[in-house]
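Working through the structure, step by step
Spelled out, the chains give:
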Amino acid sequence: MIGTPASAGQTGCWNNPPVETGESKKVLLSAQGLVKTYRHGRVVQAVQGVSLRLVAAEVLAFLGPNGAGKSTCIKMLAGLVEPDGGEIEVLGQRLARNPGIKREIGVVLEGNRNLYWRMTPLENLIYFGRLRGIGYKEARRRSIELLERLDLSEKRNSLVQQLSRGMQQKVAIAAALVHNPRILLLDEPALGLDVVGAESLKRILRELTAEGRAVLIATHQLDIAEALANKVVVLNKGCLVADAKLNELIARFSREVFEIEVGETLSPEVTSKLEAAGALVEQQIISAPGEFADIWPVLALVKDLRVTRVERARASLSGVYLKLLGGEDVSARP
Ligand code: ADP
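Let us look at the structure shown here.

Here is what the cut-offs are and how they apply
Residues numbered from 1 in each chain as written. Predicted model: local features only at pLDDT ≥ 70, side-chain atom pairs only at ≥ 80, totals over all residues. Heavy atoms only, no water. Pairing = 2+ DSSP bridges. Helix = DSSP H or I, 4+ residues; strand = E, 2+ residues; numbered from the N terminus. Contact = heavy atoms within 4.5 Å. Axes fitted to C-alpha atoms, helices over the stretch in contact; angles between N-to-C directions. Near = heavy atom within 4 Å. Polar contact = N/O pair within 3.5 Å; in protein donor to acceptor, adjacent residues only side chain to side chain. Nonpolar A, V, L, I, M, F, W, Y, C, P; charged D, E, K, R; others polar. Parallel < 35°, antiparallel > 145°, perpendicular 65-115°, else oblique. Left-handed = near helix turned anticlockwise from the far one by under 90°.

**Here we look at the sheet that holds strand E5 (residues 93-94)**
Read across the sheet, 4 strands follow the order E2-E1-E4-E5 without closing on themselves; strand pairing throughout is antiparallel. Of all strands in the sheet, those bounded by a partner on one side alone are strand E2 (42-55) and E5. The pairing of strand E1 (residues 27-40) with E2 spans 11 bridges and is antiparallel. By the bridge assignment for E2, Val 35 is matched with Gln 48. Sheet strands touched by helix H1 (residues 70-77): E1, E2 and strand E4 (85-90). Its angle to E1, the strand with the most contacts, is close to 120°.

**With respect to the site of the ligand**
Taken together, Tyr 38, His 40, Val 44, Ala 46, Pro 65, Asn 66, Gly 67, Ala 68, Gly 69, Lys 70, Ser 71 and Thr 72 make up all the residues around the ligand. Within the contact set of the ligand, an oxygen atom lies 3.0 Å away from a backbone nitrogen or oxygen of Gly 69. Between Ser 71 and the ligand, the recorded distance is 2.7 Å, taken from a side-chain N or O atom to an oxygen atom. Elements with a contribution of two residues or more to the shell around the ligand: E1, E2 and H1. With 3 residues, H1 is the single largest residue contributor to the shell around the ligand. Taken together, the residues of the shell around the ligand sort by class into 5 nonpolar, 6 polar and 1 charged.

**As for the pairing of strand E13 (residues 285-289)**
Here strand E11 (residues 257-262) runs beside E13; their pairing, made up of 5 bridges, is antiparallel. Looking across to E13, one finds that Glu 259 is bridged to Ser 287. Here 3 bridges tie strand E12 (residues 280-282) to E13, and the two strands are oriented antiparallel to one another. Across the sheet, residue Val 281 finds its bridge partner in E13, namely Ile 286. What sits between the antiparallel neighbours E12 and E13 is a turn of 2 residues, in which Gln 283 has the positive phi angle 55°.

**Describing the packing of helix H2 (residues 121-131) against helix H4 (residues 165-177)**
In the contact formed by H2 and H4, the axes pass within 8 Å of each other and the chain directions differ by 25°. Here H2 is positioned roughly parallel relative to H4, judged by the angle of their axes. Note on packing geometry: the crossing formed by H2 with H4 is right-handed. Taken together, the residues of H4 that come into contact with H2 (itself represented by Pro 121, Leu 125 and Phe 128) are Val 171, Ala 174 and Ala 175. Grouping the amino acids of the contact of H2 with H4 by side-chain chemistry returns 6 nonpolar, no polar and no charged.

**Observations concerning the sheet that holds strand E3 (residues 59-63)**
Reading across the sheet, the 6 strands line up as E6-E7-E8-E3-E9-E10 and stay open at both edges, with mixed pairing between neighbours. Two strands in the sheet have a free side with no partner beyond their single neighbour: strand E6 (105-108) and strand E10 (239-245). Strand-to-strand twist of the sheet, defined as the mean angle between neighbouring strand axes without regard to direction, takes the value 15°. Pairing of E6 with strand E7 (residues 183-187), which is carried by 4 bridges, proceeds in the parallel orientation. Note on E7: the bridge partner recorded for Gly 106 is Leu 184. This element, H1, spans E3, E6, E7, strand E8 (214-218) and strand E9 (231-236) of the sheet and lies at about 155° to E7.

Pasting the structure below:
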């Protein structure tokens with residue numbers, strides 16, 4: 001399901017169809033038609049009818065520009081903000097009627113307020129474990145185990161404020177996992193991470209997903225989203241713009257252009273003929289838009305040259321994302 005910027009207009013969402021049911025995959029969380037309006041002074045329709053679902057052993061990348069409504073959705077999914085409309089089911093139980101089911105959710109909110117900075121990682125984890133109903137001994141055992149798993153054992157007795165940003169993020173993820181939830185919601189977990197930190201985050205999330213957890217990750221780092229996601233949901237102005245499998249989304253946008261590479265410099269004559277045929281020429285690479293059948297006239301123009309490569313260009317998630325949002329910058333403020 002893919003919308004266009006035009007279909008997600010200023011005045012409300014395009015008709016957001018209900019999330020399909022009956023698929024064999026195990027749905028751990030589903031949300032239907034979530035709505036949230038903030039009314040502190042100015043009225044903000046933050047979320048205007050968003051439906052999604054999280055499936056066991058899958059990562060859902062939750063994308064959209066700043067102010068799109070991602071954090072508000074995550075807070076509603078985690079039971080931290082009450083929706084004005086819509087329904088959330090966790091393991092088939094309605095969240096509004098069974099608040100205890102929140103135990104199946106672990107959440108890392110955006111920013112650095114997920115932990116107590118003047119406590120150690122071990123103290124934080126035990127505290128959050130106790131808060132979520134685990135006995136002291138079990139909380140301590142799980143905390144030590146998690147810190148070891150996330151390569152944080154050495155730092156377990158340092159103050160959180162003395163740790164690097166990457167380490168703090170890992171501790172925040174550990175704190176969200178201490179009660180062993182099946183669903184993990186992460187709001188911008190990669191913000192400020194260096195390359196090593198981002199790789200380590202990806203490895204951890206892959207492992208957690210392979211264990212059968214459902215993971216939602218909201219991020220502006222589209223390379224991380226592309227590396228991890230099975231599905232992609234894009235929000236804009238509180239509305240759903242796309243909800244599709246990552247591969248389908250990329251394939252859909254990749255169909256549009258073929259790249260033809262030649263092993264020699266193109267003459268100005270051939271270049272102008274190629275351009276007249278609708279191709280774009282950049283040094284020795286010719287980009288021909290259209291389906292396979294459409295590129296024959298372009299190929300005919302280079303038939304006497306040394307063609308070294310003809311392939312369908314694969315779109316990147318960032319390219320797809322920019323197209324879906326009509327070229328809007330990911331960091332654009334509302
Ligand atoms: P995102 O996570 O995609 O950046 P948010 O959910 O944080 O989006 O915000 C969506 C909209 O709701 C924005 O216009 C934001 O300013 C507004 N908003 C978020 N939280 C509040 C709040 N507590 N009170 C009032 N407005 C809010």
